[in-house]
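Single-letter residue listing:
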Amino acid sequence: MFKLKLAAIAVATLGMHAAGAAEVEVLHWWTSGGEAKSAAELKKMVEARGNKWKDFAVAGGGGENAMTVLKSRVVSGKAPTAAQVKGPSIQEWGAEGVLANLDSTAKANNWDGLLPGVVANVMKYKGSYVAVPVNVHRVNWMWVNPEVFKKAGAEVPKTWADFPAAAEKLQKAGFIPVAHGGQPWQDFTVFESIVLGVGGAKFYEDSMVKLDPKALSSPTMEKVFDTFRSVRKYIDKDAANRDWNLATAMVINGKAGMQFMGDWAKGEFTAAGKVPGKDYLCLAAPGTEKSFTFNIDSFIVFKQQGADAPKAQSDFAAAVMSPEFQEVFNLNKGSIPVRSGVSMAKFDDCAKTSAKDFADTAKGGGLVPSIAHQMAVPAATTGAIQDVVTSFFNSSQSSKDAVAKLAAAAKTK
Ligand code: GAL
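All of these numbers come straight from a predicted model, not from anything done at the bench. (Residues numbered from 1 in each chain as written. Predicted model: local features only at pLDDT ≥ 70, side-chain atom pairs only at ≥ 80, totals over all residues. Heavy atoms only, no water.)

Peer 1: Which residues make up the sheet that holds strand 1 (residues 23-28), and what are the values?
Peer 2: Within the open sheet, the five strands sit side by side as 2-1-3-13-6. Their pairing is mixed. Edge positions in the open sheet fall to strand 2 (52-57) and strand 6 (131-133), since each of these has one partner strand only. With direction set aside, neighbouring strand axes in the sheet form an average angle of 20 degrees. As defined by bridge partners, strand 6 adjoins strand 13 (residues 298-301) across three bridges and the pair is classed as antiparallel. (Pairing = 2+ DSSP bridges. Helix = DSSP H or I, 4+ residues; strand = E, 2+ residues; numbered from the N terminus. Axes fitted to C-alpha atoms, helices over the stretch in contact; angles between N-to-C directions.)

This is how it looks when you write it as structure tokens:
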């Protein structure tokens, strides 16, 4: 991640930052309507336990901006109390020697008993908890405005082969078929659902997780790029650099027919007072109904000095894993609780479907980590593959060329 050994710098100067002792400064990128409501619940929970919340929000969907700011803060010895970091990046931060050990909090609150093994392992560095999980987002969703499809006489696509006919009808009826934000992470989010929908869960595992050169340069991957190119015909001309939540708003207000996005988009429908099954449909991205692409938000906790720091950090981690927080946060965020023992009674049908599918795919196969959301491979490899995907989407590159570039990018360490 970065060569500079941070441990000596960070620990030596962290104390100044924790002068407020019981202050809890949290870096995140939850700045859209639904996300901000969720973050506000975290603030309430931290303050309810007697600590002072210091918000460190860095706008930019997908978190790239936030990660840049985080690195500069840590290198300058001013790490926040906690930061939204996920997947393999937790190992990279763990190796820097700057993370607090959360084992005592985890043990006191039975995290090993409450978390699925696949989740607990991601939160540990060399067997110790260094991160606390917040939720389970599902990425392979398609958000549909049924009114738009009805007006256009279009069928919701069940496979990517059905997609062009549906999109044509929407376009002919004067609607924007696909609401999209032209940002690399959003292009990548659509791409990964096409890998899953065209190739299936095993192909996704082989290509996006194991980075198997055969899978990456296969005819199936060429077909994925062909399909990905077909999506580009059906986004609008103003998509460049549009934030994801503004694309969601296009489906909410009936300008567009569908959006391929994770279920943080549901947080926007919820914040707009929309009802699933009536105002919108939450459906699996074409060809992916038997699979579940998981994206688990989590917070790493940095070593802090100052007498009250350990208690404030333990309070923070325990609050995030509490049933109360897991319910109220995820109701707003569009995700589902990450731990067992949380009633789903207040959750809507989309969340209940997600919870069922998460359990079923964990047991029977089809549960895969989102590469676009930093769950599958190290950050440098994710970035290199994302660059290939987004430059293909924004150029006239052939699928053959893209496949060759993909196989090369996958070697980036
Ligand atoms: C994801 C993150 C979600 C949401 C989304 C849009 O990477 O896990 O919580 O913030 O980005 O920014």
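Peer 1: Any details on the pairing of strand 13? Residues and values, ideally.
Peer 2: Burial along strand 13 is two-sided: Ser298 and Ile300 and Phe299 and Val301, pointing in opposite directions, are all buried. Bridging between strand 3 (residues 82-84) and strand 13 involves three bridges; their strand directions are antiparallel. Bridged to Ala83 within strand 13 is Ile300. (Buried < 20%, exposed > 50% of the residue type's maximum accessible area, 1.4 Å probe, protein only.)

Peer 1: So what's going on with the pairing of strand 2? Residues and values would help.
Peer 2: Here six bridges tie strand 1 to strand 2, and the two strands are oriented parallel to one another. From the neighbouring strand, Val24 faces strand 2, where its bridge partner is Trp53. Where the polypeptide runs from strand 1 across helix 2 (residues 33-48) and back to strand 2, its parallel neighbour, the crossover connection is right-handed. (Right-handed = clockwise from strand over helix to strand, strands pointing away.)

Peer 1: Could you give an account of the domain arrangement of the protein, naming the residues involved and the relevant values?
Peer 2: Accessible area lost on assembly of the parts is the figure often given for the size of an interface. On domain assignment, one finds that the protein holds domain 1 (7-137 + 296-364) and domain 2 (138-293 + 370-409). Put simply, the middle of domain 1 and the middle of domain 2, counted by C-alpha atoms, are 27 Å apart. The partner domain 2 presents 28 residues to the 30 residues of domain 1 that form the contact. With both chains or domains summed, domain 1 and domain 2 bury close to 2300 Å², and 56% of this area falls on carbon and sulfur atoms. A per-residue breakdown of the area domain 1 buries against domain 2 is headed by Pro88, His137 and Cys350, which together make up 23% of the total. Inspection of the region where domain 1 meets domain 2 yields two salt bridges. Between Asp348 and Lys266 there is a salt bridge, and its shortest N-O distance comes to 2.8 Å. Seen at the junction of domain 1 and domain 2, the total is eleven residue pairs in polar contact (both at pLDDT 80 or more). At the level of secondary structure, the elements contributing two or more residues to the side of domain 1 that touches domain 2 comprise helix 2, helix 4 (89-95), helix 16 (323-333) and helix 17 (349-364). If one sorts the elements of the side of domain 1 that touches domain 2 by residue count, helix 17 sits on top with seven residues. (Domains from an automatic or database assignment. Contact = heavy atoms within 4.5 Å. Buried area = accessible area lost by both parts, 1.4 Å probe. Salt bridge = Lys/Arg side-chain N within 4 Å of Asp/Glu carboxyl O. Polar contact = N/O pair within 3.5 Å; in protein donor to acceptor, adjacent residues only side chain to side chain.)

Peer 1: Explain the nonpolar core to me, using residue names and the numbers behind them.
Peer 2: In terms of nonpolar packing, the biggest core is built from 61 residues, with Leu70, Trp93, Trp111, Phe299, Ile300, Phe302 and Phe316 touching the most fellow members. Per-element accounting of this core gives the leading share, five residues, to helix 15 (residues 309-320). Once residues lying within four places of it in the same chain are set aside, the contact partners of Ile300 are Thr81, Ala82, Ala83, Val85, Ile90, Trp93, Leu99, Val130 and Ala131. Counting residues in hydrophobic clusters, the runner-up holds 52 residues, among them Phe149, Phe191, Phe203 and Ala409. (Core = buried A, V, L, I, M, F, W, Y, C linked by side-chain atoms within 4.5 Å.)

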